[in-house]
Amino acid sequence: MKINILTLFPEMFEPVIGGSILGRAKKKGILDVNLINIRDFSQDKHKKADDYPFGGGAGMVMLADPVFRAMEAIAAKGKKALYMSPRGRIIDHDRIKKLSEEEEIIILCGHYEGIDERIIEYWNMEEVSIGDYVLTGGELPAMVLIDSVARLIPDVLAGEESAQEESVYSGLLEYPQYTKPREYRGMMVPEVLFNGNHKLIALWKFEKSLELTKERRPDLFEKYLREHGELSKEELKILKKVESTVEKV
Ligand code: ADE
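Just so it is clear, the model here is predicted, and its values are computed rather than measured.

Asks: Explain the packing of helix 8 (residues 198-216) against helix 9 (residues 218-227) to me, please; I cannot follow it from the model alone.
Replies: How two helices sit against one another is set out by the angle between their axes and by the gap between those axes. Packing of helix 8 against helix 9 brings their axes to within 5 Å, and their N-to-C directions diverge by 125°. For the element pair helix 8 / helix 9, the angle class is oblique. Note on element contacts: helix 9 touches helix 8 through Pro 218, Leu 220, Phe 221 and Tyr 224, opposite Phe 206, Leu 210, Thr 213, Lys 214, Glu 215 and Arg 216. In terms of residue class, the contact of helix 8 with helix 9 is built from six nonpolar, one polar and three charged.

Asks: What is the right way to look at the site of the ligand in this model?
Replies: Neighbouring the ligand are Met 84, Ser 85, Pro 86, Val 128, Ser 129, Ile 130, Gly 131, Tyr 133, Val 134, Leu 135, Gly 137 and Pro 141. The backbone of Gly 131 places a nitrogen or oxygen atom 3.1 Å from a nitrogen atom of the ligand. Put simply, the parts of the chain that give the shell around the ligand at least two residues each are strand 5 (80-90) and strand 8 (126-129). In terms of residues, the shell around the ligand owes the most to one element, strand 5, which gives three residues. Here the residues of the shell around the ligand are counted per class, giving eight nonpolar, four polar and no charged.

Asks: Can you help me understand the domain arrangement of the protein in this one?
Replies: Interface size is commonly expressed as the accessible area that is lost once the parts come together. Domains assigned within the protein are domain 1 (2-159) and domain 2 (165-248). The C-alpha-based centres of domain 1 and domain 2 are spaced at 37 Å.

Asks: Help me understand the sheet that holds strand 1 (residues 2-7) in this model?
Replies: In a beta sheet, neighbouring strands pair by backbone hydrogen bonds and run either parallel or antiparallel. With parallel pairing, the five strands of this open sheet are ordered in space as 2-1-6-5-8. Of all strands in the sheet, those with a lone pairing partner are strand 2 (32-37) and strand 8, marking the two edges. Across the sheet, the mean angle from the axis of one strand to that of its neighbour is 30°, orientation sign disregarded. Across five bridges, the pairing between strand 5 and strand 8 is parallel. Note that in strand 8 the partner of Ile 90 across the bridge is Ser 129. Across the face of the sheet, helix 3 (residues 64-73) comes into contact with strand 1, strand 2, strand 5 and strand 6 (104-109) while running at roughly 160° to strand 1.

Asks: Explain the environment of Glu 211 to me, please; I cannot follow it from the model alone.
Replies: Within the fold, Glu 211 resides in helix 8. A relative accessible area of 32% places Glu 211 in the partly exposed class. It is 8.8 Å that separates the C-alpha atoms of Glu 211 and Tyr 175, two residues lying 36 residues apart in sequence.

Parameters and conventions
- Residues numbered from 1 in each chain as written.
- Predicted model: local features only at pLDDT ≥ 70, side-chain atom pairs only at ≥ 80, totals over all residues.
- Heavy atoms only, no water.
- Axes fitted to C-alpha atoms, helices over the stretch in contact; angles between N-to-C directions.
- Helix = DSSP H or I, 4+ residues; strand = E, 2+ residues; numbered from the N terminus.
- Parallel < 35°, antiparallel > 145°, perpendicular 65-115°, else oblique.
- Contact = heavy atoms within 4.5 Å.
- Nonpolar A, V, L, I, M, F, W, Y, C, P; charged D, E, K, R; others polar.
- Near = heavy atom within 4 Å.
- Polar contact = N/O pair within 3.5 Å; in protein donor to acceptor, adjacent residues only side chain to side chain.
- Domains from an automatic or database assignment.
- Pairing = 2+ DSSP bridges.
- Buried < 20%, exposed > 50% of the residue type's maximum accessible area, 1.4 Å probe, protein only.

Here's what the structure looks like:
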């Protein structure tokens with residue numbers, strides 16, 4: 001997959017796309033990240049990329065022309081283009097999954113107060129928000145998006161890391177994890193994890209995932225109740241049990 005990033009601050013991305021899982025994906029040739037500095041496309045002798053908003057108001061607005069030229073340089077017409085903005089629809093797993101199936105995407109990061117609206121209209125950009133809070137620019141949201149999209153591209157994660165994605169747990173919050181030692185300051189790891197019965201362990205994990213999801217994210221829990229895939233008899237029993245548990249107050 002190719003990800004084109006249009007930004008005024010390309011250096012912000014280097015440590016993120018060079019390191020860890022994204023770096024490995026780049027090396028393996030699964031991910032191609034193309035960083036484009038919008039300022040390079042400014043025709044102005046001072047490389048200006050923003051100006052005062054028409055009609056007044058606070059802050060500066062990113063100029064259309066450098067962005068148009070940058071988009072033209074990557075032959076953007078017809079390609080999936082996103083604009084990171086708190087005005088967009090909040091992104092979720094389903095949309096991230098769809099994006100991970102694209103061959104090429106373009107992400108525009110805004111700064112200052114915003115960008116000239118004609119950029120969004122002409123290039124048919126989808127506005128994407130990562131949450132109901134405002135950051136100083138689109139760079140951090142773009143990194144969040146890239147990281148979450150990349151981990152869903154086949155072969156980016158090692159086999160074990162990705163297995164859960166397809167499992168009966170998808171759509172649920174993760175169960176609690178433990179590692180050595182078995183007892184720490186008097187706190188014990190649940191006994192079930194040592195009995196060697198993989199079926200029982202899997203059922204325990206399922207139950208804990210359901211409990212956590214019901215408690216913390218009732219919206220996800222309801223969705224899971226409506227949409228869960230094939231469940232075994234034992235799993236169904238656990239689901240019914242958790243469903244009928246009265247909330248602790
Ligand atoms: N730019 C500033 N805030 C943002 C947000 N919450 N999501 C996406 N882009 C943004």
